Amino acid sequence: MIKLKDILEIESLDELISNLEEKKKKAKRDKCYYKVKSRYKVWPSAYASLALSKCRDVGAANWGNKS
């Protein structure tokens, strides 16, 4: 989400676009992303996407444990 404060601090449109792209890339790469990606060979796939959402539901520390 673009905040007014971010827009006022940035002088050019190119800087604004680059900042938004960096935030978008960083936001999706959490511990669950890396754990699921290491387990599934085909990325992206329906099974991997489902596993990623389930991992985010239970937390990365608890995902993959049977009990």
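Procedures and definitions
Residues numbered from 1 in each chain as written. Predicted model: local features only at pLDDT ≥ 70, side-chain atom pairs only at ≥ 80, totals over all residues. Heavy atoms only, no water. Axes fitted to C-alpha atoms, helices over the stretch in contact; angles between N-to-C directions. Helix = DSSP H or I, 4+ residues; strand = E, 2+ residues; numbered from the N terminus. Left-handed = near helix turned anticlockwise from the far one by under 90°. Contact = heavy atoms within 4.5 Å. Nonpolar A, V, L, I, M, F, W, Y, C, P; charged D, E, K, R; others polar. pLDDT = per-residue confidence, 0-100.

1. A few points about the packing of helix α3 (residues 31-39) against helix α4 (residues 46-58)
Part 1 of the reasoning: Closest axis-to-axis distance for the α3/α4 pair is 9 Å, and the angle between their directions is 140°. You can see that α3 and α4 cross each other, and the crossing is right-handed. Side by side, α3 and α4 meet where Cys32, Tyr33 and Val36 of the first sit next to Ala48, Ala51, Leu52, Cys55 and Arg56 of the second.
Part 2 of the reasoning: Grouping the constituent residues of the contact of α3 with α4 by class yields seven nonpolar, no polar and one charged.

2. Observations concerning the confidence of the model for the protein chain
Part 1 of the reasoning: Scored by pLDDT, the protein chain has a mean of 80; 73% of the residues are at 70 or more.
Part 2 of the reasoning: Taken element by element, the predicted model of the protein chain shows its lowest mean pLDDT in helix α1 (residues 4-9) (64) and its highest in α4 (93).

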